[in-house]
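The chain contents come next:
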Amino acid sequence: MTDLERTEPEPREPEPTEQGSTEQESREPERVAEAVAEGIAAPAAGAGRGRTVLVVGAVALVAAVAVVGALGLGGGADDPVAPARSGSTVQVTKENLVERTQVEGQLGYGAEIPLPVKATGTVTWLPEPGKTVERGGELLRVDDRPVVLLYGALPMFRELGLGQEAPTPTPTATPGSGRGGDGQGGSTASSGSSGKGGGTGTGTGTSTGTTAGAASASGAPTRPLRGMDVMQFERNLAALGYTGFTVDEEFTTGTATAVKRWQKSLGLPQTGRVGIGDVIYSTGQVRIGHAAVRLGSAVGENALTHTGTARKVVVNASAQEASWAVRGTAVTVTLPDGREAPGEVASVGTSATAGSDDGGGGGGEEGGGQRGGSDAARATVPVTVVIADQEALGRLESGPVGVSYVGKERRGVLAVPVAALVALAEGGHGLETTDGTFVAVQTGLFADGKVEVSGPAVREGLKVRVPE
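A brief report on the enclosed structure follows. All values derive from a computational prediction rather than experimental measurement.

**Overview of the overall build of the chain**
Within the chain, the regular secondary structure consists of 7 helices and 20 strands. Within the chain, contacts between residues separated by at least 24 positions form 66% of all contacts whose residues are at least 6 apart in sequence.

**Side note on the packing of aromatic side chains**
Enumeration according to the criterion identifies 2 aromatic pairs in this entry. Across the ring face of tyrosine 109, the terminal group of arginine 287 is positioned such that the distance to the ring centre comes to 4.0 Å.

**A short note on the pattern of salt bridges**
Any two side chains of opposite charge can pair, so long as their charged atoms come close to each other. The final tally for this structure, using the stated rule, is 12 salt bridges. For the salt bridge of aspartate 278 with arginine 145, the shortest nitrogen-to-oxygen distance reads 3.3 Å. You can see aspartate 278 sitting in the loop between helix H6 (253–266) and strand E8 (279–282) and its partner arginine 145 sitting in strand E7 (residues 145–151), a full 133 residues away along the chain. Accessibility expressed as a relative area gives 16% for aspartate 278, which makes it buried. A relative accessible area of 33% places arginine 145 in the partly exposed class. Note that arginine 226 is salt-bridged to glutamate 250, the shortest N-O span being 2.9 Å. Here glutamate 250 lies in the loop between helix H5 (228–239) and H6 and arginine 226 lies in the loop between helix H4 (199–219) and H5, a separation of 24 residues in the sequence. For arginine 226, a relative accessible area of 45% translates into the label partly exposed. By relative accessible area, glutamate 250 is classed as partly exposed at 24%.

**Quick notes on the sheet that holds E7**
Overall, mixed pairing links the 4 strands, which are arranged E4-E6-E7-E8 in an open sheet. Looking at which strands have only one partner, the edges of the open sheet turn out to be strand E4 (123–125) and E8. Taken pair by pair, the neighbouring strands of this sheet meet at an average axis angle of 35°, ignoring direction. Sheet analysis places E4 next to strand E6 (residues 138–142), joined by 2 bridges and oriented antiparallel. Note that in E6 the partner of tryptophan 125 across the bridge is arginine 141.

Analysis parameters
- Residues numbered from 1 in each chain as written.
- Predicted model: local features only at pLDDT ≥ 70, side-chain atom pairs only at ≥ 80, totals over all residues.
- Heavy atoms only, no water.
- Helix = DSSP H or I, 4+ residues; strand = E, 2+ residues; numbered from the N terminus.
- Contact = heavy atoms within 4.5 Å.
- Phe/Tyr/Trp six-rings, centres within 6.5 Å; stacked < 30°, edge-to-face > 60°.
- Lys NZ or Arg CZ within 6 Å of the ring centre and 35° of its normal.
- Salt bridge = Lys/Arg side-chain N within 4 Å of Asp/Glu carboxyl O.
- Buried < 20%, exposed > 50% of the residue type's maximum accessible area, 1.4 Å probe, protein only.
- Pairing = 2+ DSSP bridges.
- Axes fitted to C-alpha atoms, helices over the stretch in contact; angles between N-to-C directions.

This is the structure we're talking about:
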């Protein structure tokens, strides 16, 4: 076999397969880069190295573009905007602002007042403190006789019964006519004999006058007892169910008969007469306070105290700031549990009580002056507040409470929440509108978290921002 020069056949390109197609797709970016490179620089024969450099640069350019797009640094229409200012918006409103001031008070039944006991003897029964006594009820017993409560404003100042009031005799005199009666007995003599001696005329005149006076006293009938105290007693007697008489100012036999029936129900002797110590008058029901005597002790005027049955509040208001305390002023009472009840000022004390100076004052005139000024600053007056709705108080009978009253009030003013106010650089306060501008305002009354505002640029309905 001869050595012949062999010619290598040209290699045939493999037909694309499914796998080759995938590889071509994977090389698509490289081809794009090559195409970009070829478009940037024209190919030169034998410049393989330069071609390689251009391809690398094109790839770097494509990568940079991809990074910019991924970071969103392009100038497209979807660029994000700056976040909005935080805070809410409110409107300027026209309303009524009320400033309330609260002071401390004490809930209770009021000050205890002694009952005007006029009975005499030994105390044989006392009621329990806190007990409520109504008309016809027993307040205490003295010598085992009940002292009964009746309603009225007049105190018991005399015994009531039949045939007590007699007319007061009016002495009369006729001038005498004897000479002897001149000077001594002439003014009382009725008719003296005309003689020289003055004794006969004087004696006759005196004797005649005395006889006439005695006859007048014994012969005139007594009058029925009359007076407003009689009418007050008869009104109570009728209210207790004892009738048969006319309620007027006259104590009649019908009144005495009704009194006997009343006395029988109380276990008393049926005399028809009412002693000065048998009853005590009050304007209404009473609540028993404390007893100043013990069983077996002698009764006295201050033997037993009482209060009203309605709970009330007493405020020791500062004498310098008590202008709010006017009778009829509406207040709000706040209980310890937070519940509220409406109240009204019923009375204001007329005497101020100065506070004690625990720290003491300096000696001499200077110390005395300082102490006096301090006492005047702490002086208080008692203000009594009544509460019509007693059920609103629940079962609380006593304890500290709050009493609030209207200090200032502004009606129909422009107002915004206090949080909407901003401090201006040039001083004062202002409001920020929704478009970011600031308007200066003048502030007025602050109440319930709102403030009164005014100014040329402020109007009702203006929307302002409340910064957070």
